[in-house]
Amino acid sequence: MKNLKQKGVIAVWVLGFSFAVLIMLGGIVGFVLLQQKTSVERMASEESLHIAEAGINYYKWYINQNSTTTQTIIQDGNNWCTSSQTLSVCGSLDWCGPYEHEYKDTNGNALGKFSLCTKGKSICGQILGAYAKAIGYTDKRPKIKRVILAKFAATTVAEFAYLVNESVWVGDDRSIYGKYHSNNGIRIDGTGNSIVSSGVGTWLCTKFFGCDPPNCDPECTHEGDACRCPGVFGSGGGSDLWKYPVLPFNFDGITSNFLKIKNLANSNGRYYEPSINIDENADGYHFIFKEDGTFDVKIITELKEVNSSDGENFKWKPEIIKDEYTYKTNVTTSDSCGLIFAEDNIWVEGTIKGRKTLATANLIDDNAQTSAIINWNLDYTTLDGSDSFALLAEKDILIPLCSPGGDGDTSYNPLCNRSGYTDKMVVRGVFVAQTGFFGRNYYPQAKKNGKKWESYQPWCYRNDLLIYGSIVSQKRVGTKWMCEWGYCSGYENRTNYFDQKLATNPPPLLPYISPDLKIVSWEELQ
């Protein structure tokens, strides 16, 4: 009887242990199966991402195979935009699609599909870019989807901190933030944090660029009264980023851009005819941008001449506004076309809200060219990228004698016909001087005007100039002047910062570096 009881206890214990083992084994098997399922789903998710990326790459190839960006091309070659699936797949009815494509491996086996949702980026009534949303998934796991959103746009001049046609010398007191390019030679003794490129393999460096023939730099050779040097050379850092020769930038092509801007400003933006057609005493326009997104336009009727030199010779030039009257107030531009064109010389200042491009060119008289003067600070209402500005001039873009960046009291100054000082000048935007230069002329301390001496102090000396954006200039850029005894005019301290937001979201109708559409932004949507 005792043995039977012991056997019964053992049997219960064995059954309990076996049950526990089965539970453990079941848990292990379940865990393994869960891990296998998770691994399979993870692999399917990665494959879906690759398929979505393939969709974006396909669309990039497709739109660049077509020379004209039309709505049909935006619609992936289809003659329809929306369907019954547009809202559910694309998310809203401002997208076209979805346009479905099969994704195959290198052997031609179908692995999955991607659906494309597309829409054009319209500027001033023209499609100048595109957005694409690619939804990728595998045939085996069609419910596991990955979504990529990409923006396509042509490469504009806003990709560069500087684009210059002439040879340049970057002094050892300069730091370049952003890409720097010259169609000719570059001597760089300062530092750079990005690509410095030249359109030539070699060039002749003269004393005007710091060369001292016959005592040429080690990488140069003596040739006549100059030194034959590599396209980019100097004592500056970052030489591993120097590239030469590269394709030059076409400054002549900006002319056609002016004509396009004029026509579009006439139809979709704001156009201002030569001011003399409005007032026989007019000398140009004064544009004042305001924080509410509007701007005022004044007609200038009297300018004071100032004596200055652009490095070649001294000239008396009308520059300081002495008299003007209001022509238009609270002028607006549409959010989709902030385009302004003036067929006259212009003076510009203020605070920009929204995306605006102001261009000046005389396309009526082939013998006349117009310039722009940055009359005071040019700033934004916000730095989040929603504000941007471009100033395009047929000839020069100049910072005048009467500019911010000086010390002193804030009382009225009769020479400059204005009161108030600021300790620095701030300029934001893209500045394009097609046939002239961007800069500030050399202003002497004093100049004799007839029998009377005029003092240009303290305005000839300025403290700090901060430029955020891009400069495109046919001739050498210069805002600081050095004489035999040292600093003698202009801005003593100059800092230029490249603005990445201008490159990804530029103001309307900037000149292109390349017409090919490339991916300027990419993100995965959850």
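Residues numbered from 1 in each chain as written. Predicted model: local features only at pLDDT ≥ 70, side-chain atom pairs only at ≥ 80, totals over all residues. Heavy atoms only, no water.

Notes on the overall build of the protein
Link 1 in the chain: In terms of helices and strands, the protein carries five helices and 36 strands.
Link 2 in the chain: Counting only residues that meet the buried cut, the protein has 47% of its 526 residues in that class.
Link 3 in the chain: A fraction of 65% describes how many contacts in the protein between residues 6 or more apart in sequence connect residues 24 or more apart.
Link 4 in the chain: If you sum the accessible surface of the protein, you get close to 25,700 Å²; carbon and sulfur atoms cover 51% of it. (Helix = DSSP H or I, 4+ residues; strand = E, 2+ residues; numbered from the N terminus. Buried < 20%, exposed > 50% of the residue type's maximum accessible area, 1.4 Å probe, protein only. Contact = heavy atoms within 4.5 Å. Areas by Shrake-Rupley, 256 points an atom, 1.4 Å probe, with all protein chains shown as cover.)

Focus on the state of the cysteines
Link 1 in the chain: Scanning all chains against the criterion turns up eight disulfides.
Link 2 in the chain: For Cys216, the disulfide goes to Cys227, at an S-S distance of 2.1 Å. Disulfide Cys216 to Cys227: torsion about the S-S bond roughly -85°, handedness left-handed. In this pair, Cys216 sits in the loop between β12 (202-205) and β13 (221-223) while Cys227 sits in strand β14 (residues 226-230), placing the two residues 11 residues apart along the sequence. Both residues of the pair, Cys216 and Cys227, count as buried. (Disulfide = S-S within 2.5 Å.)

Some details on the sheet that holds β12
Link 1 in the chain: Read across the sheet, three strands follow the order β12-β14-β13 without closing on themselves; strand pairing throughout is antiparallel. Each having just a single partner strand, β12 and β13 make up the two edges of the open sheet. The sheet shows a mean angle of 35° between the axes of neighbouring strands, direction not considered.
Link 2 in the chain: Strand direction decides the pairing type here: β13 and β14, joined by three bridges, are antiparallel. Each residue of the ladder has a partner; that of Glu223, found in β14, is Ala226. (Pairing = 2+ DSSP bridges. Axes fitted to C-alpha atoms, helices over the stretch in contact; angles between N-to-C directions.)

Here we look at the pattern of salt bridges
Link 1 in the chain: Tallying each qualifying case throughout the model produces 15 salt bridges.
Link 2 in the chain: Here Glu159 makes a salt bridge to Lys518, at a shortest N to O gap of 3.3 Å. One end of the pair, Glu159, is in the loop between β4 (146-156) and β5 (160-164); the other, Lys518, is in strand β36 (residues 512-525), and 359 residues separate them in sequence.
Link 3 in the chain: Classification of Lys518 by relative accessible area gives partly exposed; the value is 29%. (Salt bridge = Lys/Arg side-chain N within 4 Å of Asp/Glu carboxyl O.)

Considering unusual backbone geometry
Link 1 in the chain: Between Gly97 and the following residue, Pro98, the backbone shows a cis peptide bond with an omega angle of 5°.
Link 2 in the chain: Relative to the elements of secondary structure, Pro98 occurs in strand β1 (residues 96-104).
Link 3 in the chain: In this chain, Pro213 is followed by Pro214 through a cis amide linkage whose omega measures 5°.
Link 4 in the chain: Looking at the element boundaries, Pro214 is found in the loop between β12 and β13.

Focus: the layout of surface pockets
Link 1 in the chain: The space that makes up the second largest pocket amounts to roughly 530 Å³.
Link 2 in the chain: Looking at the second largest pocket, it is lined by 25 residues, and the ones nearest its centre are Phe160, Pro248, Phe249, Ile513 and Ser514.
Link 3 in the chain: Elements with a contribution of two residues or more to the lining of the second largest pocket: β5, β8 (179-182), α4 (254-267) and β36.
Link 4 in the chain: By residue number, the principal contributor to the lining of the second largest pocket is β36, which donates five residues.
Link 5 in the chain: Grouping the constituent residues of the lining of the second largest pocket by class yields 13 nonpolar, eight polar and four charged. (1 Å grid on protein atoms, 1.4 Å probe; cavity = no way out; pocket = protein on both sides within 12 Å on 5 of 7 lines; lining within 4 Å. Points joined across faces, edges and corners; volume = space filled by probe spheres on them. Nonpolar A, V, L, I, M, F, W, Y, C, P; charged D, E, K, R; others polar.)

Examining the confidence of the model for the protein
Link 1 in the chain: When pLDDT is averaged across the protein, the result is 87; 88% of the residues are at 70 or more.
Link 2 in the chain: Element-level pLDDT for the protein is lowest in strand β27 (residues 412-413), with a mean of 66, against a maximum mean of 98 in strand β18 (residues 284-289). (pLDDT = per-residue confidence, 0-100.)

Points about empty space enclosed by the protein
Link 1 in the chain: Applying the stated criterion across every chain, the model contains two cavities of 30 Å³ or more.
Link 2 in the chain: Reported here for the largest cavity is a volume of approximately 130 Å³.
Link 3 in the chain: Residue lining of the largest cavity: 13 residues in total, with Ile123, Leu128, Thr156, Pro506 and Tyr512 positioned closest to the centre.
Link 4 in the chain: Within the residue set of the lining of the largest cavity, elements represented by two or more residues are β2 (110-123), β3 (126-138) and β4.
Link 5 in the chain: Residues of the lining of the largest cavity, tallied by class, amount to 10 nonpolar, two polar and one charged.
Link 6 in the chain: For the second largest cavity, the full set of lining residues is Ala161, Tyr162, Tyr177, Ile467, Gly469, Ile471, Asn496, Tyr497 and Phe498.
Link 7 in the chain: Secondary-structure elements contributing two or more residues to the lining of the second largest cavity are β5, β33 (461-473) and β35 (486-497).
Link 8 in the chain: In terms of residue count, the dominant contributor to the lining of the second largest cavity is β33 (three residues).
Link 9 in the chain: Its residues assigned to classes, the lining of the second largest cavity shows seven nonpolar, two polar and no charged.

Considering the environment of Ser84
Link 1 in the chain: With respect to the helices, strands and loops of the structure, Ser84 is situated in the loop between α2 (71-74) and α3 (86-90).
Link 2 in the chain: Judged by its relative accessible area of 76%, Ser84 is exposed.
Link 3 in the chain: Sequence spacing of Ser84 and Pro98 is 14 residues, and the spatial spacing of their C-alpha atoms is 9.6 Å.

Description of the sheet that holds strand β15 (residues 232-233)
Link 1 in the chain: Spatially, the three strands line up as an open sheet ordered β6-β9-β15, and their pairing is parallel. Each having just a single partner strand, β6 (168-170) and β15 make up the two edges of the open sheet.
Link 2 in the chain: Sheet topology places β6 next to strand β9 (residues 186-188); three bridges connect them, and they run parallel. From the neighbouring strand, Val168 faces β9, where its bridge partner is Ile186.

Some points on the nonpolar core
Link 1 in the chain: Core analysis: the biggest nonpolar cluster contains 72 residues, and Phe287, Phe389 and Leu391 have the highest contact counts within it.
Link 2 in the chain: At six residues, strand β29 (residues 424-433) tops the list of elements feeding residues into this core.
Link 3 in the chain: Membership of the second largest hydrophobic core comes to 21 residues, among which are Tyr62, Ile63, Cys96 and Leu116. (Core = buried A, V, L, I, M, F, W, Y, C linked by side-chain atoms within 4.5 Å.)

Topic: the environment of Leu398
Link 1 in the chain: Tracing the chain through its elements places Leu398 in strand β26 (residues 397-398).
Link 2 in the chain: Among residues more than four places away in sequence, those in contact with Leu398 are Ala372, Ile373, Ile374, Phe437, Gly439 and Asn441.

Examining the side chain of His286
Link 1 in the chain: Within the secondary structure, His286 is located in strand β18.
Link 2 in the chain: Engagement of the side chain of His286 in a polar contact is seen with the side chain of Glu324, the distance being 2.9 Å.
Link 3 in the chain: Those residues in contact with His286 that lie beyond four places of it in its chain are Asp296, Val297, Lys298, Ile300, Ile321, Glu324, Trp347, Glu349 and Asn375. (Polar contact = N/O pair within 3.5 Å; in protein donor to acceptor, adjacent residues only side chain to side chain.)

Digging into the pairing of β3
Link 1 in the chain: Burial within β3 is extensive, with 10 of its 13 residues counted as buried.
Link 2 in the chain: Two elements, β2 and β3, share 12 bridges in a ladder whose sense is antiparallel. Across the sheet, the residue bridging to Leu116 is Ala134, located in β3.
Link 3 in the chain: Hairpin connection of β2 to β3: two residues between the antiparallel strands, including Cys124 at a positive phi of 55°.
Link 4 in the chain: Bridge count between β3 and β4: eight bridges; the pairing is antiparallel. Bridged to Ala134 within β4 is Ile148.

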